[in-house]
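Single-letter residue listing:
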Amino acid sequence: MKKQDILRRVGSMQQLAYVRPVTHTEGRAGGLRGYLVKNGPLSFEVLADKCLDVGELSYKGVNISFLSKPGLQGRNHYDTHGGEAQRSIMGGLFFTAGLENICAPCTLEGKDYPMHGRIRTTPAEHLRADGRWVGDDYVLRVAGEMREAELFGENLVLRRSIETRYGGRTVTVVDEIENQSFRSEPLMLLYHINIGYPLLDEGAELLLPTRSVTARDRDAQGHEDGWNKMDAPRDNEPEYVFIHDLAGTAENWSAACVVNERLGLGLLIEFSRENLPYFMEWKSTASGDYVLGLEPSNASVYGRPFHEKEGTLHRLAPFAAERNELRFTVLDGGEELRKARDYIAAIKI
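### Some remarks on the side chain of His244
Alright, step 1. As for its placement among the helices and strands, His244 is situated in strand E19 (residues 240-246).
Alright, step 2. Judged by its relative accessible area of 5%, His244 is buried.
Alright, step 3. A distance of 2.9 Å separates a polar atom in the side chain of His244 from a polar atom in the side chain of Thr210.

### Here we look at the pattern of salt bridges
Alright, step 1. Scanning all chains against the criterion turns up 32 salt bridges.
Alright, step 2. A salt bridge links Asp53 to Arg160, with the nearest nitrogen and oxygen atoms 2.8 Å apart. A residue pair is termed long-range when its members are at least 10 positions apart, and Asp53 in strand E4 (residues 53-59) and Arg160 in strand E13 (residues 155-165) qualify at 107 residues. Residue Asp53 shares its accessibility class with Arg160, and that shared class is buried.
Alright, step 3. We note a salt bridge from Glu205 to Arg341, for which the minimum N-O separation is 2.6 Å. In this pair, Glu205 sits in strand E17 (residues 205-207) while Arg341 sits in helix H3 (residues 334-345), placing the two residues 136 residues apart along the sequence.
Alright, step 4. Residue Glu205 is classed as buried on the basis of its relative accessible area, which comes to 15%.
Alright, step 5. Looking at Arg341, the relative accessible area reads 26%, which means it is partly exposed.
Alright, step 6. Each of Glu100, Lys111, Arg118, Glu150 and Glu154 takes part in a single network of salt bridges with overlapping partners.

### Considering the pairing of strand E8 (residues 94-99)
Alright, step 1. In terms of residue burial, E8 counts as a mostly covered element, since six of its six residues are buried.
Alright, step 2. The sheet contact formed by E8 and strand E16 (residues 188-195) spans six bridges and is antiparallel. The residue bridging Phe94 from the neighbouring strand is Ile193, located in E16.

### Remarks on helix H2 (residues 303-310)
Alright, step 1. Residues of H2 that are buried: Gly303, Arg304 and His307. The buried side chains of H2 occupy one side of the element, clustering within an arc of 115 degrees when seen end-on.
Alright, step 2. Of the residues flanking the end of H2, it is Gly311, one or two places downstream, whose phi is positive at about 70 degrees.

### Looking at the packing of aromatic side chains
Alright, step 1. Evaluation of the coordinates by the stated rule reveals five aromatic pairs.
Alright, step 2. When the centroid spacing of 5.7 Å and the interplanar angle of 5 degrees are considered together, the rings of Phe94 and Phe328 count as stacked. A residue pair is termed long-range when its members are at least 10 positions apart, and Phe94 in strand E8 and Phe328 in strand E25 (residues 321-332) qualify at 234 residues.
Alright, step 3. Owing to a relative accessible area of 2%, Phe94 belongs among the buried residues under this scheme.
Alright, step 4. Phe328 gets classed as buried once you look at its relative accessible area, which sits at 3%.
Alright, step 5. Seen from their ring centres, Tyr302 and Phe306 are 5.7 Å apart, and the 45 degrees between their planes marks the pair as tilted.

### Points about the nonpolar core
Alright, step 1. One finds Val46, Ile195, Leu267, Leu294 and Phe328 to be the most contacted residues of the largest nonpolar core, which totals 66 residues.
Alright, step 2. Ignoring sequence-local partners within four residues, the contact set of Leu267 consists of Leu57, Ile64, Leu93, Ile195, Leu199, Ala256, Cys257, Val258, Phe328, Thr329 and Val330.
Alright, step 3. Counting 17 residues, the second largest nonpolar core, distinct from the first, contains Ala85, Met115, Trp282 and Ala299.

### Notes on the sheet that holds strand E2 (residues 33-39)
Alright, step 1. Pairing in this open sheet of five strands is antiparallel, and the strands run E1-E2-E3-E4-E5 from one edge to the other. A single partner strand is all that each edge strand has here, and the edge strands are strand E1 (17-23) and strand E5 (62-63).
Alright, step 2. As paired strands, strand E3 (residues 42-47) and E4 are joined by five bridges and run antiparallel to one another. Its bridge partner being in E4, Ser43 is matched across the sheet by Ser58.

### Re the sheet that holds E8
Alright, step 1. Spatially, six strands are ordered E8-E16-E23-E22-E19-E18 in an open sheet, and the strand pairing comes out antiparallel. The two strands at the open ends of the sheet, each matched to only one other strand, are E8 and strand E18 (210-215). Recorded for the sheet is a direction-independent mean angle of 20 degrees between the axes of neighbouring strands.
Alright, step 2. With nine bridges connecting them, strand E22 (residues 278-286) and strand E23 (residues 289-297) associate as antiparallel partners. Of the residues in E23, the one forming a bridge with Thr285 is Tyr290.

Reading guide: rules and limits
Residues numbered from 1 in each chain as written. Predicted model: local features only at pLDDT ≥ 70, side-chain atom pairs only at ≥ 80, totals over all residues. Heavy atoms only, no water. Helix = DSSP H or I, 4+ residues; strand = E, 2+ residues; numbered from the N terminus. Buried < 20%, exposed > 50% of the residue type's maximum accessible area, 1.4 Å probe, protein only. Polar contact = N/O pair within 3.5 Å; in protein donor to acceptor, adjacent residues only side chain to side chain. Salt bridge = Lys/Arg side-chain N within 4 Å of Asp/Glu carboxyl O. Pairing = 2+ DSSP bridges. Arc of directions from axis to C-beta. Phe/Tyr/Trp six-rings, centres within 6.5 Å; stacked < 30°, edge-to-face > 60°. Core = buried A, V, L, I, M, F, W, Y, C linked by side-chain atoms within 4.5 Å. Contact = heavy atoms within 4.5 Å. Axes fitted to C-alpha atoms, helices over the stretch in contact; angles between N-to-C directions.

Just geometry here; none of it tells us what the structure is for.
Below is the structure:
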């Protein structure tokens, strides 16, 4: 429908779509600021105090994202204390890992690098949020920037915008990372995308244009054939991590899709591969930790020590910048699920 046709039928557009600032007031989430975004049947929260990451995502009341056992929480004193990060990593639709380290914590030359880095708990500045008409499109947008910096150390700025349009089911995330220091800086970045119940359930499928699958460790070895199927939860089942070599399109994009045929729903994730050549899958069927993690990245799952040893640590020149774009699209109905299967199958480069 065009703008005037919609406005004939409503008093305020907030009847249909809005961006609303909120502050949580209890428990571990006490004080956490965010933005609730409603786009018709699509709803999600952008966490202003945690890197503008997207927390809960739901469609028609059906949850799509994962929330870990500690629950929704703000920034805590143990957020970046090595392995203690597991007490503050809550999942959400995605959290941003980096910018000096991803994956396991480590200490190199006397300097500590916490699990999945510090950027995921960095609050945003220069916040902007609005809903406005752009022609006949009603655009909902949240934007801001995060800075990871240290006296005599790095000075990296992540500028992020998150946008969706009324009547659609796509959430677009655009990031620009700039090195504002006067020296070359390592840049490690991983988008930790987390799918949860009820979209994720026994029989749900993961679609990837994968050319090869490698187990990260002994726990995952022997389970490679089941990378694309979710089993029922099992008590105390170990996590499985798989490394995928993904094909891409001629425009250097790739995609992943989680499909639940029983619900008739899916989530299609598309991302530019120019600066994200790695892709990992984190599959946990453990009772209470039932989640599928999809991880486009610019570094290996083995983290900073591996790249330091191999001399392959990605670096950003002084005042250079890199841009990443990710699109999350909710699929509704058998026809859309079929088209997604065909789309993934056709990615071959």
